[in-house]
Amino acid sequence: MTKRADTLDGMKFLEEVPLAPYTTLGIGGPAKWFAEAASEADVLEAVEFAGQRELSLFALGGGSNLLVADVGFAGLVLKIGLTGIERPSAGVFRVAAGEGWDDFVSLAVAENCAGVECLAGIPGTVGGTPVQNVGAYGQEVSETILGVRALDLRTREFVEIAADACGFAYRQSVFNATERGRFLVTRVDYGLRPGGSPTLQYADLKRYFQGSGGVPSLAEVAAAVRAIRRSKGMFLVAGDPDCASAGSFFKNPVVDGAALAAIAAAVPEGTAIPQYPAGDGKVKLAAAWLLEQAGFGKGYGDGRAGISTRHTLALVNRGGASAEEILELSERIVAGVEGKFGVRLDREPVWVG
Ligand SMILES: Cc1cc2nc3c(=O)[nH]c(=O)nc-3n(C[C@H](O)[C@H](O)[C@H](O)COP(=O)(O)OP(=O)(O)OC[C@H]3O[C@@H](n4cnc5c(N)ncnc54)[C@H](O)[C@@H]3O)c2cc1C
């Protein structure tokens, strides 16, 4: 229960706010302090509030990539709620960090601008997308992000970070790696292709349009992605516990030739191992395949935390699960995969606590 509110220059700071409703997993204890920023001035005020009380500060977007501890967070959770979209020139969109990502994709597609159509149906906010370089179905936001505006917590000044300084890689950027916790993103600029063709590289998507003749429109591709996501439990449907997840719980591991040989030796001869070239003689493996081969298939687990019946990589809260239960399940899976294949999986969702 929220206990009380303090105000600083008109901004409201609430105490003991349950975080579970702010996450797609629906898990997590309270934030000691909670506030929502509707402007850059609010963001600065919140930083001042946290500084005065020596509180750690956590930037909350749509809560779709989080696992919040059962004890909650002992600092200030700042919900980034800035809204607004500007179009300074053709194909360029300056989008405030609190805008819903999928709403922006719909807008871009409606305006016939290519570049994000394959990223339809991903939950969360615009500000969350550069953090782990959101990607799916053949596109990553790093391909269209021109730059990011953020408050630098070291200097307390707003900075414009060009795309090539964001350190984008697979599910990675400076925001979740080398400069983790340093920046509060307030705006992301995307450069899209007006009248451009959709990206049709991903096997599932190609299959979807096979035999349909001609190039599908951006809207058709976005609709196809949402339909495929829905069939895989990767599209949020209110009230469906089978998609109460934080998306993929594990990243696809990148391994060298020796690790690949060890995996091949652990499965029957001739078994096809799904893999994609990852540069430097390395390959990216499908984490879902590793889980399945290690005995963690769809629907695994008989407790409140389990694997979705539609997606091997989605750990779900079937109702009333705790963060501890999700963690225990994920650790069992990591140990099982490592025991069978010698590959240690990395967690994708961010731990808050
Ligand atoms: C059903 C489902 C499907 C998904 N599918 C995909 C997918 O296909 N591809 C993919 O890449 N991801 C996917 N995800 C994961 C998730 O949706 C994305 O990572 C999303 O971009 C997270 O954004 P968010 O606003 O919800 O961030 P949150 O979950 O609120 O936060 C995630 C991290 O980003 C930081 N952050 C968020 N906003 C800001 C900001 N403004 N400034 C600074 N830091 C910030 C947080 O501090 C935290 O570290 C999926 C999740 C779900 C539930």
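Quick notes on the rules
Position numbers for residues count from 1 along each chain, tracking the sequence in the order it is written. It should be noted that, the model being predicted, local features are given only for residues of pLDDT at least 70 and side-chain atom pairs only at 80 or more, the latter also being counted only at that level, while totals for whole chains, interfaces and linings use all residues. By convention in this description, side-chain values take in all heavy atoms of the structure and omit both hydrogens and water. By definition, any uninterrupted DSSP run of H or I lasting at least four residues is a helix, any uninterrupted run of E lasting at least two residues is a strand, and each is numbered from the N terminus. Based on C-alpha atoms, the radius of gyration is set beside the globule rule, defined as 2.2 Å times the residue count to the power 0.38. Partly exposed describes any residue whose relative accessible area lies between the buried limit of under 20% and the exposed limit of over 50%, with all areas from a 1.4 Å probe on protein chains only and scaled to the type maximum. Two residues form a contact once any of their heavy atoms are found within 4.5 Å. Here the accessible surface of atoms and residues is derived via Shrake-Rupley with a 1.4 Å probe, and residues count as covered only by protein chains that are part of the display. In this tally, Lys and Arg are treated as positive and Asp and Glu as negative; His is ignored, and so are the chain termini. Charge placement uses NZ in Lys and CZ in Arg. For Asp and Glu, CG and CD serve respectively. When the centres of two rings from Phe, Tyr and Trp lie within 6.5 Å, Trp using its six-membered ring, the rings pair. Their planes under 30 degrees apart give stacked, over 60 give edge-to-face, and anything left gives tilted. To sit over a ring, a charge needs its Lys NZ or Arg CZ within 6 Å of the ring centre and within 35 degrees of the ring normal. By convention in these notes, a residue is near a molecule or strand provided one of its non-hydrogen atoms lies within 4 Å of it. Pairing of N or O atoms within 3.5 Å defines a polar contact, subject to two protein rules: one partner must be a possible hydrogen donor and the other a possible acceptor, and residues neighboring in sequence count only if both atoms are side-chain atoms. Polarity classes work like this: nonpolar for Ala, Val, Leu, Ile, Met, Phe, Trp, Tyr, Cys and Pro, charged for Asp, Glu, Lys and Arg, and polar for all others, with Gly in that last group. Cysteine sulfur pairs qualify as disulfides if the two atoms are within 2.5 Å. Definitions used for this entry: grid spacing 1 Å over protein atoms alone; cavity, a set of points where a 1.4 Å probe fits but cannot get out; pocket, an open set with protein on both sides within 12 Å along at least 5 of 7 lines; lining residue, one with an atom within 4 Å of a point. Grid points are joined across faces, edges and corners, and a volume is the space filled by probe spheres set on the points. Whether two strands pair depends on DSSP finding at least two bridges between them.

**Remarks on the overall build of the protein**
- When helices and strands are counted, the protein shows seven helices and 21 strands.
- Over its C-alpha trace the protein gives a radius of gyration of 21 Å, about what one expects of a compact globule, namely 20 Å for 353 residues.
- Viewed in the frame of its principal axes, the protein has a C-alpha envelope of about 65 × 50 × 40 Å.
- A buried classification covers 50% of the 353 residues belonging to the protein.
- By sequence separation, contacts in the protein at least 24 residues apart represent 60% of the contacts at least 6 residues apart.
- When the accessible surface of the protein is summed, it comes to about 15,600 Å², and 50% of that surface belongs to carbon and sulfur atoms.
- Taken as two groups, the 33 positive and 41 negative side-chain charges of the protein have centres that lie 3 Å from each other.

**Overview of the packing of aromatic side chains**
- Within the structure shown, the criterion is met by 14 aromatic pairs.
- With 5.2 Å between their ring centres and 70° between their planes, Tyr-208 and Phe-209 make a pair best called edge-to-face.
- A connected cluster of aromatic rings, assembled from ring pairs, spans Phe-93, Trp-101, Phe-104 and Tyr-190.
- Geometry around Tyr-170 places Lys-284 over its ring, the cationic atom sitting 3.8 Å from the centre.

**Here's the deal with the site of the ligand**
- In the vicinity of the ligand, 34 residues are found, and the nearest of them are Ala-59, Gly-62, Ser-64, Thr-125 and Arg-229.
- Within the backbone of Gly-63, an N or O atom sits 2.8 Å from an oxygen atom of the ligand.
- Contact with the protein chains hides 94% of the accessible area of the ligand, taken as 970 Å² for the molecule alone.
- For the shell around the ligand, the elements supplying multiple residues, two or more each, are strand E4 (57-60), strand E10 (135-136) and strand E14 (183-191).
- In the shell around the ligand, the residues fall into 17 nonpolar, 15 polar and two charged.

**Regarding unusual backbone geometry**
- A positive phi is found at Tyr-137, a non-glycine position, where the angle reads about 50°.
- When you line up the elements, Tyr-137 lands in the loop between E10 and strand E11 (139-140).
- The phi angle at Arg-156 is positive, at roughly 60°, despite the residue not being glycine.
- Looking at the element boundaries, Arg-156 is found in the loop between strand E12 (145-152) and strand E13 (157-162).

**Remarks on the state of the cysteines**
- Counted by the stated rule, this structure contains zero disulfides.
- Here Cys-113 stays unpaired: no disulfide links it, and the sulfur of Cys-118, its closest cysteine neighbor, is 15 Å away.
- The exposure class of Cys-113 is buried, given its relative accessible area of 5%.

**Some thoughts on empty space enclosed by the protein**
- The full count for this structure, using the stated rule, is one cavity of 30 Å³ or more.
- As for the largest cavity, its lining consists of Leu-19, Tyr-22, Thr-23, Phe-58, Leu-60, Leu-66, Val-68, Val-77 and Val-352.
- For the lining of the largest cavity, the elements supplying multiple residues, two or more each, are E4 and strand E5 (66-68).
- Residue classes in the lining of the largest cavity are distributed as eight nonpolar, one polar and no charged.

**With respect to the pairing of E12**
- When you tally the buried positions in E12, you get seven out of eight residues, the bulk of the element.
- Examined bridge by bridge, E12 and E14 share seven bridges and lie antiparallel to one another. Note that in E14 the partner of Val-148 across the bridge is Val-188.
- Direction of pairing for E12 relative to E13: antiparallel, over a ladder of six bridges. By the bridge assignment for E13, Gly-147 is matched with Ala-162.
- Between E12 and E13, which follow one another and run antiparallel, lie four residues, and Arg-156 among them has a positive phi close to 60°.

**Concerning the sheet that holds strand E18 (residues 283-285)**
- What the three strands build is an open sheet, ordered E16-E18-E17; its pairing is antiparallel. Among the strands making up the open sheet, the edge pair consists of strand E16 (254-255) and strand E17 (275-277).
- Relative to E18, E16 runs antiparallel, the two sharing two bridges. Residue pairing across strands places Val-254 opposite Lys-284, the latter belonging to E18.

All quantities given are derived from atomic positions and should not be read as evidence of function.
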